[in-house]
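# Structural description and commentary
For reference, the chains in residue letters:
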Amino acid sequence: MKLDRFYIDGDWVAPLGTGEMPIMNPAEDEEIGTLALGTTADIDRAAQAASRAFETFAAWSKADRLALLRAIRAKTAERHEDLAKAISTEMGAPITMAREQQAEAGIGHLDGFLDALEGQEERQRLGNGDMLVREPIGPVGLITPWNWPVNQIALKVLPALATGCPAILKPSEHTPLSARIYAEILHAAGVPAGAFALIYGTGPEVGDALARHPDLAMVSFTGSTRAGISVMKSAADTVKRVTLELGGKSPNLVFADCGAALEDRVRASVAECFLNSGQSCDAPTRLIVERACYDEVVEIARDAADNTGVDDPRREGDHIGPLFDQLQWDRVQAMIGIGLEEGARLVAGGLGRPPGLNRGWYARPTVFADVTNDMAIARREIFGPVLSILPAGDEAEAIRIANDTEYGLAAYIQTGDPDRAERVACRLRAGAVHVNGAGLGWGTPFGGYKASGNGREGGMMGLEDYQEVKSLHFG
Ligand code: NDP
């Protein structure tokens, strides 16, 4: 397989540079193809096309943009299986999960944006008689990571197109297959020439060129806090809007009042932490447990981890797959090593590969107990199947530990007491609080407090990130 074309101005074109890199399959650590890497000159070319397209695309009526989104929805549904297989191949998500969650996100977010756009008043009369108009901000640059590739692309490309903003996408070069299919979907759905571009490349070159480009009005980034800070600095000289969805170290508070539901709640919590092999920004990685049920919870978590299947992503089932590449495997091994050195109690998993899996970037589902919140395994995002369990004396201490983090993307609460759920949720400094396993609906805003980023993706707030607001005053 040779991905040697970029999608620019409605066409698949040859790159202007000569750089390339291998495409790897994490399940076997085998090269499955090569990928062309872009340069600043490719971004210039796409930005010129985007600026030209903006002149007409910005004036599309809402009805035309809704029709475009519906066409994209139909084409996405047609290519659902292709997307799932591509994601599973390129980053190792098990095929069942790749279908039901990873690829499905492309449809789910689309429904959220369709609802929001239908309901949005783009011209709104204020109570004081003035008029408020929402307009597309302009051509935008989008930088996405490898962990939920289609989910992240949909959360950025769709609101851009929904609001009339031409978009230039740089996906992670580690997940180019699903991005290419997504570009084919947009082309088949009739996205006008110049309104969407796909350029592969590295973050420091192509990503940074998007952040700096004077013709782009905004850059939206998802990835590590380190790279997000770099994007924000590079964007500063052009005063463009920057939205960031960054890392997390999300707390999961478990209270003894769960009663008979405790075992189910803890097993579900462990599964949520290990989902996608732990490579989710909002994974509940710090299990903060009331002392009254601490020993019981550690034992349930140990058993849940020991019984978590790790297997080939091509197999159907609810097992987890490999990490996305050697870099991530090395990072995760290093963090498990640090946990051992810090004196945390290893109750499941540990260093190395699971038994029987000698190739590919598979990690062992790992649980540390007796973790204190000053340890690196409680503070740093590990991005692997590693759970840290911390004891807390009471509710107040659990809240204090939960908020003692630089991040604030998500938080989780397990309790049998609805009053406590409400009270604790209000005190947690995070963009989403999940009670007793409840997930986020399509269209609900997703984003973080503190170093987890700014802006909100999905639904109405996701559209607003791509819009300018103009007030009109008639004499
Ligand atoms: P990065 O943040 O480096 O990569 C995410 C995206 O940003 C990629 O497309 C990347 O390109 C690009 N990028 C990197 N540096 C820059 C830059 N200076 N300017 C513009 N774009 C840039 O994540 P990593 O893959 O290195 O993973 C590191 C850690 O980040 C993980 O262990 C995890 O903790 C966290 N992470 C968090 C994610 C989230 O969803 N919040 C997603 C991915 C990672 P390139 O691939 O070339 O670097």
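Residues numbered from 1 in each chain as written. Predicted model: local features only at pLDDT ≥ 70, side-chain atom pairs only at ≥ 80, totals over all residues. Heavy atoms only, no water.

One pair of aromatic rings is described through two measures. These are the centre distance and the angle between the planes. Inspection of every chain in the model, using the stated rule, returns seven aromatic pairs. Between Trp 146 and Phe 383, the ring centres sit 5.6 Å apart and the planes meet at 85 degrees, which makes this aromatic pair edge-to-face. Pair noted here: Trp 146 is in the loop between strand E8 (140–143) and helix H5 (149–163) and Phe 383 is in the loop between helix H12 (376–379) and strand E17 (386–392), with a separation of 237 residues, a long-range link. Taking the relative accessible area as the measure of exposure, Trp 146 reaches 12% and is therefore buried. A relative accessible area of 14% places Phe 383 in the buried class. Consider the rings of Trp 329 and Trp 361, whose centres lie 5.9 Å apart with planes at 50 degrees: the pair is tilted. With Trp 329 in helix H11 (residues 326–342) and Trp 361 in the loop between strand E15 (345–348) and strand E16 (366–369), this residue pair connects regions lying 32 residues apart in the sequence. On the basis of relative accessibility, which here comes to 13%, the residue Trp 329 falls in the buried class. Accessibility expressed as a relative area gives 8% for Trp 361, which makes it buried. (Phe/Tyr/Trp six-rings, centres within 6.5 Å; stacked < 30°, edge-to-face > 60°. Helix = DSSP H or I, 4+ residues; strand = E, 2+ residues; numbered from the N terminus. Buried < 20%, exposed > 50% of the residue type's maximum accessible area, 1.4 Å probe, protein only.)

The subject of this paragraph is the state of the cysteines. All chains considered together, the criterion is met by zero disulfides. Free of any disulfide, Cys 293 has its nearest cysteine sulfur in Cys 258, 7.0 Å distant. Here Cys 426 stays unpaired: no disulfide links it, and the sulfur of Cys 258, its closest cysteine neighbor, is 18 Å away. (Disulfide = S-S within 2.5 Å.)

The residue Asp 9 is not glycine, and still its phi comes out positive at about 55 degrees. With respect to the helices, strands and loops of the structure, Asp 9 is situated in the loop between strand E2 (6–8) and strand E3 (11–13). On the basis of relative accessibility, which here comes to 34%, the residue Asp 9 falls in the partly exposed class. Non-glycine residue Asp 370 carries a positive phi angle of around 55 degrees. Note on placement: Asp 370 falls in the loop between E16 and H12. Overall, Asp 370 belongs to the partly exposed group, its relative accessible area being 33%.

Once that is clear, we can look at the sheet that holds strand E6 (residues 123–125). Spatially, the three strands line up as an open sheet ordered E6-E7-E21, and their pairing is antiparallel. The sheet terminates laterally at E6 and strand E21 (467–472), the two strands that pair on one side only. Across the sheet, the mean angle separating the axes of adjacent strands is 25 degrees when strand polarity is ignored. Of the pairings in the sheet, the one linking strand E7 (residues 131–136) to E21 comprises six bridges and is antiparallel in character. From the neighbouring strand, Pro 136 faces E21, where its bridge partner is Gln 467. (Pairing = 2+ DSSP bridges. Axes fitted to C-alpha atoms, helices over the stretch in contact; angles between N-to-C directions.)

For the rest of this paragraph, the subject is the pattern of salt bridges. On inspection of all chains with the given rule, the structure shows 32 salt bridges. For Asp 9, the salt bridge is made with Arg 52, and the minimal N-O distance between the two is 3.1 Å. Linking Asp 9 in the loop between E2 and E3 with Arg 52 in helix H1 (residues 40–57), this pair joins segments that are 43 residues apart in sequence. When the shortest N-O distance is used, the salt bridge between Glu 299 and Arg 302 registers 2.5 Å. A residue pair is termed a helical-turn pair when its members lie 3 or 4 positions apart in one helix, as Glu 299 and Arg 302 do in helix H10 (residues 294–306) at three residues. Judged by relative accessible area, which is 42%, Glu 299 ranks as partly exposed. Residues joined by salt bridges that share partners form a network here, namely Arg 79, Asp 82, Arg 180 and Glu 184. (Salt bridge = Lys/Arg side-chain N within 4 Å of Asp/Glu carboxyl O.)

Another point: the site of the ligand. Surrounding the ligand, one finds 29 residues, the nearest of these being Trp 146, Glu 173, Gly 203, Ser 224 and Glu 381. A distance of 3.1 Å separates a nitrogen atom of the ligand from a polar side-chain atom of Ser 230. Out of a free accessible area of 850 Å², the ligand has 92% covered by protein chains. For the shell around the ligand, the secondary structure elements donating two or more residues are helix H7 (203–212), strand E11 (218–222), helix H8 (225–236) and H11. If one sorts the elements of the shell around the ligand by residue count, H8 sits on top with four residues. (Near = heavy atom within 4 Å. Polar contact = N/O pair within 3.5 Å; in protein donor to acceptor, adjacent residues only side chain to side chain. Areas by Shrake-Rupley, 256 points an atom, 1.4 Å probe, with all protein chains shown as cover.)

Examined at the domain level, the protein chain breaks down into domain 1 (2–246 + 452–472) and domain 2 (251–442). With 30 residues of domain 1 at the interface, the matching set in domain 2 holds 28 residues. Summed over both partners, the interface of domain 1 with domain 2 comes to about 2500 Å²; 55% of that surface belongs to carbon and sulfur atoms. Where domain 1 touches domain 2, the interface holds three salt bridges. For Arg 99, the salt bridge goes to Glu 316, with nearest N and O atoms at 3.1 Å. Summed over the shared surface of domain 1 and domain 2, the number is 14 residue pairs in polar contact (both at pLDDT 80 or more). Elements with a contribution of two residues or more to the side of domain 1 that touches domain 2: helix H3 (80–91) and helix H4 (95–119). Residue contributions to the side of domain 1 that touches domain 2 peak at 11 residues, all from H4. (Domains from an automatic or database assignment. Contact = heavy atoms within 4.5 Å. Buried area = accessible area lost by both parts, 1.4 Å probe.)

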